[in-house]
Every structure is written in structure tokens, then in C-alpha cells.
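Structural overview
Here is what each chain is made of, one letter per residue.
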Amino acid sequence: MIFDDPTRIRLLGSIEANRLVVLCGAGLSIPEPSNLMSAVQVSHTCYNKYLPIMELPAAMKDHVEQLAEHFYNNGEFESVFLGTLVPWNDLVGQPNKGHAAVSDFLICGAAEGALSANFDPLIEHWASNRKIAMRGALTGQEATTFGRDCGPLIKFHGCLVREPNKTLWAQAQLAEPAIADRIASCSQWMGLTLPGKDLLVVGFWTDWGYLNDVIANALNVNPFGSVTVVDPKSSADLQVNAPTLWARLTGGTVHFQHVQASGADALEELQISFSKVWTKKFYALGKPMFEAEGKHYSPIEPVMSCEDFYSFRQDAEGIPYHRAARLKAPPSGAAAAAFLHLLLIEANATRLGSWYRLGGKLIRVVQGAGEAISTVRERYKEPPAVRQPDVIVCAGGLDIPTPGCLIASGAGASVVRPGAGGGTHWLTLEKARGELKI
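A brief structural summary.

What to know about the pattern of salt bridges
Scanning the entire structure with this criterion turns up 18 salt bridges. Its salt-bridge partner being glutamate 435, residue lysine 361 comes within 3.1 Å of it at the nearest N-O pair. Note that lysine 361 is positioned in strand β10 (residues 361-367) and glutamate 435 in helix α17 (residues 429-436), a separation of 74 residues in sequence. Glutamate 435 sits in the partly exposed class, given a relative accessible area of 22%. Among the salt bridges present, the one from glutamate 382 reaches arginine 364, with a minimum N-O distance of 2.9 Å.

Observations regarding the environment of arginine 313
Within the secondary structure, arginine 313 sits in helix α14 (residues 306-317). In this structure, the C-alpha to C-alpha distance between arginine 313 and threonine 279, residues 34 residues apart in sequence, is 7.5 Å.

Here's the deal with α17
Residues lying three or four places apart along an α-helix face the same way, a consequence of the helix completing one turn every 3.6 residues. Taken residue by residue, α17 has Leu429, Ala432 and Leu436 as its buried positions. All buried residues of α17 lie within an arc of 55° about the axis, which places them on one face of the element. Looking at the buried side of α17, the elements it contacts are α15 (335-346), β9 (355-358), β10, β11 (391-395) and β12 (425-428). Trailing α17 by a residue or two, lysine 437 shows a phi angle of about 60°, which is positive.

Details of the packing of aromatic side chains
If you walk through the whole model with that rule in mind, you get 16 aromatic pairs. Between phenylalanine 71 and phenylalanine 81 the ring centres are 5.9 Å apart and the planes differ by 25°, which places this aromatic pair in the stacked class. You can see phenylalanine 71 sitting in helix α3 (residues 64-73) and its partner phenylalanine 81 sitting in helix α4 (residues 77-85), a full ten residues away along the chain. We note arginine 130 situated over the ring of tryptophan 126; from NZ or CZ to the ring centre the distance is 3.9 Å. The side chain of arginine 364 reaches across the aromatic face of tyrosine 321, ending 3.8 Å from its centre.

Points about the layout of surface pockets
Looking at the second largest pocket, its volume works out to about 320 Å³. In terms of lining residues, the second largest pocket is bounded by 16 residues, among which Ala100, Trp126, Arg130, Glu307 and Tyr310 are the most central. Mapped onto the lining of the second largest pocket, the elements with two or more residues apiece are α5 (97-108), α12 (263-285) and α14. The element best represented in the lining of the second largest pocket is α14, accounting for five residues. Here the lining of the second largest pocket is built from residues that sort into six nonpolar, six polar and four charged.

A closer look at the sheet that holds strand β7 (residues 256-259)
Strand order in the open sheet made by the seven strands is β3-β4-β2-β1-β5-β6-β7, with parallel pairing throughout. Every interior strand has two partners, whereas the edge strands, β3 (136-137) and β7, have only one. Each of β5 (198-202), β6 (226-230) and β7 touches helix α11 (residues 243-250); the most contacted strand, β7, lies at about 125° to it.

Brief notes about the nonpolar core
Judged by nonpolar contacts, the single largest core of 72 residues is most densely connected at Met134, Leu270, Phe282 and Leu344. Per element, the largest residue contribution to this core is nine residues, and it comes from α12. With near-sequence residues (within four places) excluded, leucine 270 lies in contact with Phe3, Leu11, Leu12, Ile15, Leu20, Phe105 and Leu200. Within the second largest apolar cluster, 30 residues are counted, among which are Leu115, Val229, Leu245 and Leu249.

Regarding unusual backbone geometry
With an omega dihedral of -5°, the bond running from glutamate 32 to proline 33 counts as a cis peptide bond. Note that proline 33 resides in the loop between β1 (20-24) and α2 (39-50). Backbone geometry places asparagine 18, a non-glycine residue, at a positive phi of 60°. Among the structural elements, asparagine 18 can be located in the loop between α1 (5-16) and β1. Here the phi dihedral of lysine 437 falls at roughly 60°; this positive angle occurs in a residue that is not glycine. Turning to its location among the elements, lysine 437 is positioned in the segment after α17. Residue lysine 437 is classed as exposed on the basis of its relative accessible area, which comes to 72%.

Each value, and the rule that gives it
- Counting restarts for each chain, with residues numbered from 1 along the sequence as it is written.
- For this predicted model, a pLDDT threshold of at least 70 governs which residues receive local features, and a threshold of 80 or more governs which side-chain atom pairs are given and counted, while totals over whole chains, interfaces and linings are taken from all residues.
- Hydrogens and water are ignored here; the side-chain numbers use all heavy atoms of the structure.
- When a carboxyl oxygen of Asp or Glu is within 4 Å of a side-chain nitrogen of Lys or Arg, the pair counts as a salt bridge.
- Numbering of helices and strands runs from the N terminus; a helix is a DSSP stretch of H or I covering at least four residues, while a strand is a stretch of E covering at least two.
- The buried label applies to any residue whose accessible area, calculated with a 1.4 Å probe on protein chains only, is under 20% of its type's maximum; exposed applies above 50%, and partly exposed to all values in between.
- Regarding the arc, it is the one traced by the directions from the helix axis to the C-beta atoms.
- Contact criterion: two residues are considered in contact whenever any of their non-hydrogen atoms come within 4.5 Å of each other.
- Pairing of aromatic rings covers Phe, Tyr and Trp, the last through its six-membered ring, and needs centres within 6.5 Å; plane angles under 30 degrees mean stacked, over 60 mean edge-to-face, and all others mean tilted.
- A ring is considered to have a charge above it if a Lys NZ or an Arg CZ atom is located within 6 Å of its centre and within 35 degrees of its normal.
- Here a cavity denotes grid points, spaced 1 Å and computed from the protein atoms alone, that fit a 1.4 Å probe unable to get out, and a pocket denotes an open set having protein on both sides within 12 Å along at least 5 of 7 lines; residues with an atom within 4 Å of a point are the lining.
- Grid points are joined across faces, edges and corners, and a volume is the space filled by probe spheres set on the points.
- The residue classification treats Ala, Val, Leu, Ile, Met, Phe, Trp, Tyr, Cys and Pro as nonpolar and Asp, Glu, Lys and Arg as charged. All others, Gly included, are polar.
- Strands pair, by our definition, only if DSSP identifies at least two bridges between them.
- For helices, the axis comes from a line fit to the C-alpha atoms of the stretch in contact; other axes are also lines fit to C-alpha atoms, and the angle between any two N-to-C directions lies between 0 and 180 degrees.
- The nonpolar core is taken to be a set of buried Ala, Val, Leu, Ile, Met, Phe, Trp, Tyr and Cys residues, with the residues joined through side-chain atoms within 4.5 Å.

Don't take any of this as a statement about function, it's just geometry.
Structure below.
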């Protein structure tokens, strides 16, 4: 475990109280499967690519901001540096578990916002793969506007997708009115939003040294409720690398903590902890129905992977797997689904991720409270690659007769027959109890 119990409980309490804000840097995009270049690697690539034209001072080879400054001062920043030297194709890739956690937290409201020095679009990419059109905000006004559908993602470094030629690489750019106004706008939003919030900093202390000062100035907010920094470097190294940012984060807060670990790993662990709390709340919804049948309810804390917990939340919300879970807490209408989970567990069904196996049948439970089961089934047109269970129980779904011409061919005792070529039976809760003998 990366977080000790007091830290984990404090962060979960922050989520519960709508106080968590994440600050993430370029280091978040280095772990697999993203494998994006570090600042030093970008600098080496740019330096070596320009070497046949001119051998620049050796000190620039390890410092991308110095390289950018050179081309900026020579009037070749956009044409040569951004246009031909920066390896843009190596600055995109697949989201990793850190991006997944940040995106999930923003979508479901577990985080009030995220401040990012990543101009790559991997946080947004994870969301778009789940049908959420998340956009990185470049100004405080955009943060307010874009944050109406999910938590705001503030990209003060710039964005590869939105105005890539305006990304922040060199300190000299800060004198440009457009960039200065953008940073000022983001700072103003932070000043209004961050006081009293709990800040979780991951993957920020990188080789982009001047950016540490940019965010330090932008974070001129006192006080934070707490600051938790996750970085594998020692506290001494962090303080030396970014003294202004270190002073800003350690001062003016009642609680500061540095956890030496990978930011991506820590974010995944927090996402799992959040999902465990979500799942406990979900099971508790089924308690009244369970106890009404004379059964004894005991709190349940299943052991699942991060991906299986996420699938569990999707099913409990009534959301197909190609869309995002949207709720910070389970809906009250999911009580019937929770009740069925408790019945399956009492019957000693074998848990297989977010599903069960009982009596030789693979069972998936989805929440369909208040909807016709045929309507829910129509919504669950998931990609063919998604594995299929033997039974899908639409707990809380209504058994409304459907015209025969709309019912696909197939066999079985389900209310809604399986589709042609498929073997999955859709059952209401009542039919499932009879067929599964629970």
C-alpha cells in the first residue's frame, strides 16, 4: 500500500466533502503504457535533430527550456522549434492508470478539478473513449464553462490539441500578452476556487524547472486544507529542484505530507479506495430488502481490480461498458440491484470480477430501476469485443410486453429473448430469483 491508513482516510474524506483538487505534471505521462518522453529526452531529440545545422552550447542539450529560449530569441520558435524539432508524435500515446484515475474523478465528481502541466491529451482521451467530450481549459473562464458537465481540467501549460503553437516552453513567452493573460486568468480561477481545498500533487517535479515557478505563482492561495505530494524523489531533492513551489505548498497549510511513490500508482490506489467506499454504499442500499426476508446483513468489502471496480460501478448505475460511470455515489434506485448482489453472495456464488458464477451460469447484474427491460437492453449495445454472460439480470427493470416483431429470436425463460446468434438471457429480478433459485 502506498498510502497509510490515516492518509487514505483523509483523502477519502476530502472526496466526500467535495474538497479534493489534483495537480499533475508531465511526469504522470511517463509510466506505461503511455511512455511519453521526459523533458530531458525531448531536449536530446531536439538538440540532436538540429545538430547538422548548428552545434548549440552543450548545456542546452539537457534543458529543453534553454533550447526553446534560444529559438524564441532568434525568432524561430514556431517555425523551427515547434514546427520541425519537437517530436510531437512521441508526445501522444495511450492513457495510463494515472490518467484514468484523474479522468474518472473529474467525470464522477470525486475531484473538484485538476490542474495539469500536461499538454498531451491523455486525460481527455480516456474520457472520450467513454463518450465524454472532456476539454482542457486554457483560461479561468473556460474552466467555469467546461466544468458544467464534469470537473474542470485546467491546462496552464497549454494543450497539444487546442492551440499547440501557444504551448508554454520558454520563460520568455511569459512576456507575451496572450500567454500572460492566460496564466493570469488561470491564477484568478485558482484564487477563487482553491482556498480551503485539499491539494493532491502527482508527477509534477520534473525537468521543466521554470514551470514549477509558474505554478507556484499561480498557486498564491492561502490556506489549503491540506497538501499531499506524491513523488519518488526525496523531500530534499524536491526542495532543491523547486524551492519556490516547495515553499508555497509547505507554507500556509495545516497538513503537508510527502509520499515517496509513483504518482500513477498512487492515483490508481486512491481510485480503488474510492470505488470500495462506493461499493459499500451500494450494498447498503439492498439491506432493507434483504433483512425484510429475515436474512442477516453484514457489510461487504469485495477484493477486485481497479478495472473490475469500475465495471461494477457502471453496472450499478445502469451504464454500458463503453460509457463512463457518472455518479459519485450509487443512485437510490439501485436498491433492487444491490439486493440481488446480496442474494448471490448469500448463495455462495463465485465472484468473477464484477460478475458471478452460480449453477454453471455466468451472471451480470445491471441496474434498470423504473425502465422497461427492453429499453435497457437496447441501450446495452456494447462493442462485440465485450465478453457476454449467460444471464443479465436487469434488477428493477419493468416487465412491459414488447410487440413480437421487436423481440429477437432465441430460446430461454427470459423476459427478453437473446439476440440472434447470442446466448445471453435478460431476466427481471423476479424471473432471476426463480431461474437461479435464490
